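Listed below are the residues making up each chain.
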Amino acid sequence: MMKDKIKSLAKAYKQEVIANRRHLHANPELSYQEYNTSKFVKEKLEEIGITIIESKADTGWAALIKGKNPEKRVVALRADMDALPIVEANDVPYKSQNPGVMHACGHDVHTASLLGAAKILHEVKEDWEGTIKLIFQPGEEVAPGGASFMIADKVLENPRPNGIIGQHVMPFIEVGKVGFRPGIYMASADEIYVTVKGKGGHAAMPETLIDPVLIASHMIVALQQVVSRAASPKIPSVLSFGKVEALGATNVIPNEVKIQGTFRTLDEEWRAKAHEKMTAIAKGIVEGMGGEVDFEIRKGYPFLKNDPELTNRSQQAAEEYLGKENVLDLDIWMAAEDFAYYSQEIEGCFYRLGTRNEAKGITSGVHTPTFDIDEDALEIGAGLMAYLAVSELEKA
Ligand SMILES: [Zn+2]
Ligand SMILES: [Zn+2]
C-alpha cells in the first residue's frame, strides 16, 4: 500500500531530513540572499536523481518529478527558504552560525521536509501517475514576497499545476498533529506610513502653531472607524498603529509626527475600499485641522484562501496518514503569508505542521529568538507532504 510505503520511507530518511534541517538552521540567510541555501537545495535534488530543475527568481528552483503517465495531472509542493534578522538565543548544536540571522519561522523545516518528500516521491515514482512540481522559493518574509517573483518567472507554467500544497510549522500545535482550514485562512497585510505635518514652536503659544501631535491623535482615533463602522462585521479587519514618533519636548511642539501601522483583512474588495476610506479620513481630519498629511499604503500579501475541495481532500488524506485524532481544524489566523499569491492563481492548500513539545520545553512562537521545533515533526513534514501529493494525483 502506498501509505505504508511512504511511511516507512519517511522513517528511513528521517535522520537525513533532520541533518539537512540542522545544516540549514545553522546556515540561515536573509530574504533574497539565499545563495548558499539555494546551492544546497540544488545539490540535494541532484543527489536524489532529480534532473529537471529550473532556476527561478534568482535563488529559487522549480523541479519536476515525473511519475507514470506524466501528462495526467500536476501537483505542486512549495517550500520557502529565507530566515529572519533575529539573534538566536537557543543553545543547540545546530545554532545559527550567521550572527544576527536565524531560521525563526521554520523555513529550514519546510525546505528540509520538501527535500525529504522529494526523495520519497522519486523513490516510488513507478507507483503513481502524473507530475509533481517542487517549488523552493526565496523571500517569504519580505514584501513584495518571493512567491510573486516566482510567479512572474512563470513557476506556475509549463506545466501548470492543477493545485499547490504548502506547509508551515505551528508551535501552538503538538508534534504529531497537523491542522487544516478549508476556505479563508490568513489575512492580507498592508503597511501604512503616515507623516502629519503642522507648524512647530514653543508649546506655550499654541495659537501661533499648528500642532501635529493633536492632529495625529485625532486622526488615529478617527481611523478606527474604518474597522468599527465601515467594515462589514462579517469580514475580520485589523488596523493597528505600532509606532508614533513626535520628537518634541515638554515645551516644544514638533513640526511633524510620523506614524506606522498595519491593516489586515480577509477580502480583496473590502481591502481596496478600506484603503480609499482610510486615505479620505486621514486627509479630512488633518486638513480640517490645518495640517497636511502624507498617507502611504504599501500593499503587502493578499489574503490567503484555501481551495475548499483541494483542502478537504488533503485533510482527508492527512487523516488516513496520521489518524483522525491527529488532524485539527484551524481557526482564522490574522498573520499574512505569501503562499497567498499562488492560491490566488490556482487551487491552494496551506496547512500547519505541529512542532510543539511542552515536555521538552519547545513552546516558543515563530519570530522569537527561542523558537525551535521537536524534530520528530520532520518525519511527518516529509512523509505527509509526499502522501498528500500522491493522494491528490490519485483522487482528483
Ligand atoms: Zn515568518
Ligand atoms: Zn514563515
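One structure accompanies this document, and this report is about it. What you are looking at is a predicted structure, and each value in this text was computed from that prediction instead of being measured.

## Brief notes about the coordination of the zinc ion (ligand 1)
Ideal coordination angles are 109.5 degrees for a metal with four donors arranged tetrahedrally and 90 or 180 degrees for a metal with six donors arranged octahedrally.
Next up, step 1: At 2.0 to 2.8 Å from the zinc ion (ligand 1) lie its protein donor atoms, namely Cys-105 (SG), Glu-141 (OE), Glu-141 (OE) and His-367 (NE2).
Next up, step 2: Seen from the zinc ion (ligand 1), its four donor atoms lie at angles of 51 to 148 degrees, and the figure they make is irregular.
Next up, step 3: Read in sequence order, the donor residues for the zinc ion (ligand 1) give the motif C-x35-E-x225-H.
Next up, step 4: Here the zinc ion (ligand 2) and the zinc ion (ligand 1) are spaced 3.2 Å from one another, each receiving a donor from Cys-105. Taken as a pair, Cys-105 in the loop between strand E3 (74-80) and helix H4 (107-123) and Glu-141 in the loop between strand E4 (131-137) and helix H5 (146-152) lie far apart in primary sequence, 36 residues in all.

## Some points on the sheet that holds strand E8 (residues 188-197)
Next up, step 1: One open sheet holds the four strands; their spatial order is E10-E12-E8-E13, and the pairing between them is antiparallel. Single-partner strands in this sheet number two, and they are strand E10 (237-245) and strand E13 (292-298). Adjacent strand axes in the sheet meet at a mean angle of 20 degrees when their direction is disregarded.
Next up, step 2: Pairing of E10 with strand E12 (residues 256-265) involves eight bridges; the strand directions are antiparallel. Residue Glu-245 lies in a different strand from E12, and its bridge partner there is Lys-258.
Next up, step 3: Relative to the sheet, helix H6 (residues 212-230) contacts E8, E10, E12 and E13, its axis offset from that of E10 by approximately 170 degrees.
Next up, step 4: Contacts from helix H7 (residues 268-288) reach E8, E10, E12 and E13, with the element oriented near 165 degrees to E13.

## A closer look at the sheet that holds strand E15 (residues 327-329)
Next up, step 1: The mixed open sheet is built from eight strands, whose spatial order is E1-E2-E4-E3-E5-E16-E6-E15. Every interior strand has two partners, whereas the edge strands, strand E1 (52-56) and E15, have only one. The sheet shows a mean angle of 25 degrees between the axes of neighbouring strands, direction not considered.
Next up, step 2: Bridge analysis of E3 against strand E5 (residues 163-174) gives four bridges, and the strand direction is parallel. Across the sheet, the residue bridging to Arg-78 is Gly-166, located in E5.
Next up, step 3: Its contacts with the sheet put helix H3 (residues 35-48) on E1, strand E2 (60-66) and E4, and the angle it makes with E2 is roughly 10 degrees.

## A word on the coordination of the zinc ion (ligand 2)
Next up, step 1: For the zinc ion (ligand 2), the protein coordination sphere consists of Cys-105 (SG), His-107 (NE2) and His-168 (NE2), at 2.1 to 2.4 Å.
Next up, step 2: Each donor residue of the zinc ion (ligand 2) lies on the same chain, and together they follow the pattern C-x1-H-x60-H.
Next up, step 3: Judged by its relative accessible area of 6%, Cys-105 falls in the buried class.
Next up, step 4: For His-168, a relative accessible area of 4% gives the class buried.

Scoring rules and cut-offs
Residues numbered from 1 in each chain as written. Chains lettered and ligands numbered in written order. Predicted model: local features only at pLDDT ≥ 70, side-chain atom pairs only at ≥ 80, totals over all residues. Heavy atoms only, no water. Donors = N, O, S within 2.8 Å, 3.2 Å for Na, K, Ca; no water. Tetrahedral: all angles 85-135°; square planar, octahedral: opposite > 155°, others 65-115°. Helix = DSSP H or I, 4+ residues; strand = E, 2+ residues; numbered from the N terminus. Pairing = 2+ DSSP bridges. Axes fitted to C-alpha atoms, helices over the stretch in contact; angles between N-to-C directions. Contact = heavy atoms within 4.5 Å. Buried < 20%, exposed > 50% of the residue type's maximum accessible area, 1.4 Å probe, protein only.

What is shown is where atoms sit, not what they do.
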